[in-house]
Amino acid sequence: MTRADLLALTPDTLASLANRGLVKRAEKDLAAGSGPTVTTGDDGTVHGTFPDGTETVLPVGRGLDATDCTCAATGPCRHRVALVLAYQHGAPDRTPPAGDPLLDWSPGDFDDDALTAALGRSALTAAQRTRARGYTARVHRPTAEDPAPRVELPTCTVRFPVPRELGYALTDAAAALRGELITLAVWAFRAADAEQATEVSVGGRTGDGPTTPTAAAGEALYTAVALADELLLDGVQQAGPVFTNALRRAGRALTATSQHWPAGAVADLREQLDAYTARATRYTPERLALLLAELHARHRASRHDPAGVLGTAEAPVTPLRRIRLVALGCRIGGTARDRTAETYFAHADAGIALVLRTRWELTDDQAPTGHDLSTRRLLGAPLHALATANVVSEHTARAADRTVTLSRGRIAATSITPVGSAWTELPGSLLLRDTAAHLRAAGERPPRLIRPRVAADGVRVVMVDAVDEIGYDPAAQRLEAVLRDPAGNDVRLHAEYNPLCPGGLDALATALADDGIRAVSGMLGRAGGRMVLDPLAVLTAEGMTLPDLAPGAGDTTLSTTPHRPTDPITAALRTALTTLADAAHQGLRHVTPTTRTALTDSADRLRHTGLDHAARLLNDLARTVHDQGASAAAPHWVTAQIHLTTSLELHQEDGAPSGRPSIQ
């Protein structure tokens, strides 16, 4: 009989189950005639005897790491890998017929008895505890390009490369967590199959209704929202150290009760206040207003989907086993007191992007540019080398927000090599040849205010067939270009000038004009209904160009492009949001007559563009502030901010006026 599970194990899958070095060693042994003698039992068990006397057994229904081998290895070894390859080589029907249809199957078909038999009772028990608290997941069903179904859990990805076999499921988490996470992935597929959905919340509910939060969790969220209201009423000028410490305590309480997404909003709010106190450019009234609205939005929506809206019970950090990361570029930021580098990586096996964050404190006499930082060493390599490298690490941890940590002081366990052609080998979830199809497949998502706080969610690599336009908009201080992907879609590239990286736009323009351009990485989204890419790096025949780390003073003369005026709806929404942000910055108790007039003027402008409901919300706010005072006006400000923020987001995605948002 033929073992279909062994025939389905490709070299890449074997490398994920073991490592690429063992696969190469096994292939070398087979080529040299040092492979095993293979026999197959009546029950399908495969036996292998090697020339050195080692005996290896591959029973049915057990993964590679749970098979038997007489060598000293405790996990996957070259003998196990060699036996799989030798069996495949000798199998009479090892090559599937041409045009074999895609096997459409779901890991959700496994019942709990099958999970217990394959993974153990302890794995099921641990997963049940997580399910009781609730978790979110995104499922990817088999396609012709990627026939292995997979599930994106908050802190790892689980793949099922062998149809209807649990033993060969792959996860990038550490071995101790493997069984629990595979179980959670199977349950996620069950929920997705039942709901005919791709993004699901699993558990955390009783019957058809939402789970009642614990008293501690409810109190923590209420306290955070109350602090947001206090800041909205009094403004940032009144928020001293006592208030900042209260925010810190609120954030700790949210984290302790596993409400990670509002905890992140509170941490960002505290950073905004610190930046305001330091007179740092990182503070903006618009960002402050957005965070205040986010806390209220998550509070309002939490009773419907606590796992998705609050991030309840998601592990803050999950240790990963040996993984390979492909660098996608770097983004430099900072203030007068610090510099930050966000280095983006593709985790090919998981099909997602991750980000490594680094921060340097500065002294009064330091003002490094991005190019100056490019020589700073991380993990034993300069930043510019790390941001253009393949990184293989055995000591990595991934947080729920997809930030990644590479352990310091473990250089021997981390290898850094040039990225080479690794971009072109990325899976279809990261490497896009048809950007329009990708954005259509992404489907509808919740509004950003209540979406999981995931870093690098929009980072992709776009293949480029041609660059049709390149120009600089002096009014917006922005380099613009039109890229054409292999499917013929136009993608607008927008790169804002970064004063910390003065040579960035010059280097970007040069790379885009290169006849050997192959791909551009960056944050992909929509603006005005059009596909827009905020670039991180450009791949040409000469290698990778990282604008934020490029040398130069930014004195190259760039060809200009006409300034494109904003459409009336976007302009009206942004003006109104700026007015709401000014009110939050001042504090509703201290709103000036000028701001009240700006509210009514913004309402008139919204009404003239057809956004009548938004106009009424602003008028209600202005009237309530004047007639009833700040405390009565606070709920009106929150509703207006949520409504306008969501309306602008939907308008940018669709390029058309949006209806009334669902969060009120």
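Quick caveat, the model's predicted, so the values are computed rather than measured. All chains use their own residue numbering, which begins from 1 and follows the written sequence. Given that the model is predicted, a residue must reach a pLDDT of at least 70 before its local features are reported, and side-chain atom pairs must reach 80 or more before they are shown or counted; all residues, however, enter totals for whole chains, interfaces and linings. The side-chain numbers reported here are obtained from all heavy atoms of the structure, hydrogens and water having been left aside.

### A short note on the overall build of the protein chain
Strands here are runs of E lasting at least two residues and helices are runs of H or I lasting at least four, both read from the DSSP assignment and numbered beginning at the N terminus. Counting its secondary structure elements, the protein chain contains 20 helices and 29 strands. We compute the radius of gyration over the C-alpha atoms and compare it with the globule rule, which gives 2.2 Å times the number of residues raised to the power 0.38. Taking 26 Å as the expected radius of gyration for a compact globule of 664 residues, we find that the protein chain reaches 27 Å, a close match to that expectation. Taken along its principal axes, the extent of the C-alpha atoms in the protein chain is 90 × 60 × 50 Å. Burial statistics for the protein chain: of 664 residues in total, 53% are counted as buried. Partitioning the contacts of the protein chain with sequence separation of at least 6, the portion at a separation of at least 24 is 65%. Using the Shrake-Rupley algorithm and a 1.4 Å probe, accessible areas are obtained, with residue cover drawn only from the displayed protein chains. As displayed, the protein chain has an accessible area near 29,300 Å², and 50% of this comes from carbon and sulfur atoms. We treat Lys and Arg as the positive residues and Asp and Glu as the negative residues; His and chain ends play no part in the count. Charge placement uses NZ in Lys and CZ in Arg. For Asp and Glu, CG and CD serve respectively. A gap of 4 Å separates the mean positions of the 67 positive and 76 negative side-chain charges of the protein chain. For every residue, the accessible area (1.4 Å probe, protein chains only) is compared with the maximum for its type, and the residue is labelled buried under 20%, exposed over 50%, or partly exposed between those bounds. Contacts are assigned to residue pairs with any non-hydrogen atoms lying within 4.5 Å of each other.

### Digging into the confidence of the model for the protein chain
Mean pLDDT over the protein chain works out to 86, with 92% of the residues at or above the 70 mark. Here residues 206–212 is a poorly scored stretch, pLDDT under 50, and it has 5 contacts once near neighbours within four places are set aside; other chains count. Every residue gets a pLDDT, meaning the predictor's confidence in that residue, from 0 to 100.

### Observations regarding the pattern of salt bridges
What makes a salt bridge here is a side-chain nitrogen of Lys or Arg within 4 Å of a carboxyl oxygen of Asp or Glu, nothing more. As enumerated under the stated definition, the model contains 25 salt bridges in all. A salt bridge links D112 to R190, with the nearest nitrogen and oxygen atoms 2.7 Å apart. In this pair, D112 is assigned in helix α5 (residues 112–119) and R190 in helix α7 (residues 178–195), connecting sequence segments 78 residues apart. A network of salt bridges, in which partner residues are shared, links D268, R287, E294, R298 and R453.

### Regarding the sheet that holds strand β3 (residues 55–58)
Read across the open sheet, the 4 strands follow the order β1-β2-β3-β4; overall the sheet is antiparallel. Unpaired on one side and paired on the other, β1 (37–40) and β4 (68–69) mark the two borders of the sheet. Across the sheet, helix α4 (residues 78–90) touches β1, β2 (46–49), β3 and β4, and the angle it forms with β3 is around 65°. Pairing between strands requires that DSSP locate at least two bridges from one strand to the other. Axis geometry follows a simple rule: fit a line to the C-alpha atoms, using only the stretch in contact for helices, then measure angles between N-to-C directions, giving values from 0 to 180 degrees.

### Here we look at the packing of helix α9 (residues 241–256) against helix α10 (residues 260–277)
Look at α9 against α10: their axes get within 8 Å of each other, and the N-to-C directions meet at 160°. Relative to α10, α9 is oriented roughly antiparallel. When you trace α9 past α10, the crossing you get is left-handed. Judged by residue contacts, F243, T244, L247, R248, G251, L254 and T255 of α9 engage H260, P262, A263, V266, L269, R270, L273 and D274 from α10. Polar here means any residue other than Ala, Val, Leu, Ile, Met, Phe, Trp, Tyr, Cys and Pro, which are nonpolar, and Asp, Glu, Lys and Arg, which are charged; Gly is therefore polar. In terms of residue class, the contact of α9 with α10 is made up of 8 nonpolar, 4 polar and 3 charged. Angle categories: roughly parallel below 35 degrees, roughly antiparallel above 145, roughly perpendicular from 65 to 115, and oblique for all the rest. In this scheme the crossing of two helices becomes right-handed for a clockwise turn of the near helix relative to the far one and left-handed for an anticlockwise turn of less than a right angle.

### Quick look at the packing of α5 against α7
As a packed pair, α5 and α7 sit with axes 10 Å apart at the nearest point and diverge in direction by 160°. Considering the angle they form, α5 stands roughly antiparallel to α7. As α5 packs across α7, the resulting crossing turns out to be right-handed. Residues D112, L115 and L119 of α5 touch α7, and the partners they reach there are R178, G179, I182, T183, V186, W187 and R190. When grouped by side-chain class, the residues that make up the contact of α5 with α7 number 5 nonpolar, 2 polar and 3 charged.

### Looking at the pairing of strand β19 (residues 396–399)
Residues of β19 alternate between two faces, with T396 and R398 on one and A397 and A399 on the opposite face, all of them buried. Where strand β12 (residues 317–320) and β19 come together, 4 bridges link them in antiparallel fashion. Each bridged residue has a counterpart across the sheet, and for L320 the counterpart in β19 is T396. Relative to strand β20 (residues 404–406), β19 runs antiparallel, the two being bridged by 3 bridges. Looking across to β20, one finds that R398 is bridged to V404. Here β19 folds back onto β20, and the loop between the two strands holds 4 residues, one of which, R402, carries a positive phi near 70°.

### Observations concerning the sheet that holds strand β9 (residues 199–202)
Strand order in the open sheet formed by 5 strands is β8-β7-β6-β5-β9, with antiparallel pairing between adjacent strands. Looking along the sheet, the strands with just one partner apiece sit at the ends: β8 (170–171) and β9. As paired strands, strand β5 (residues 135–140) and β9 are joined by 4 bridges and run antiparallel to one another. Residue pairing across strands places Y135 opposite V202, the latter belonging to β9. Against the sheet, α7 engages β5, β6 (150–152), β7 (157–159), β8 and β9, with an angle of about 70° to β5.

### So, the packing of aromatic side chains
Two rings belonging to Phe, Tyr or Trp (six-membered ring only in the last case) form a pair when the distance between their centres is within 6.5 Å. Interplanar angles under 30 degrees mark stacking, angles over 60 mark edge-to-face geometry, and anything in between is tilted. On inspection of all chains with the given rule, the structure shows 3 aromatic pairs. Relative to F110, the ring of W105 lies with its centre 6.2 Å away and its plane at 85°, an arrangement referred to as edge-to-face. Judged by its relative accessible area of 14%, F110 is buried. Ring geometry for W105 versus F160: centroids 6.4 Å apart, planes at 90°, classification edge-to-face. Of this pair, W105 sits in the loop between α4 and α5 while F160 sits in the loop between β7 and β8, and the two are 55 residues apart along the sequence. For the pair W105 and F160, one class covers both residues: buried. The ring of W187 carries R131 above its face, with NZ or CZ at 3.7 Å from the centroid. The cationic tip of R279 hangs over the ring face of Y276; the distance from NZ or CZ to the ring centre is 4.9 Å. As a reminder, the over-ring test applies to NZ of lysine and CZ of arginine, requiring each to be within 6 Å of the ring centre and within 35 degrees of the ring normal.

### Thoughts on the environment of H347
Within the secondary structure, H347 is located in strand β14 (residues 338–347). Here the alpha-carbon distance between H347 and L325, two residues 22 residues apart in the chain, equals 5.0 Å. Not counting chain neighbours up to four residues away, the residues in contact with H347 comprise D172, I323, R324, L325, I352, L354 and L430.

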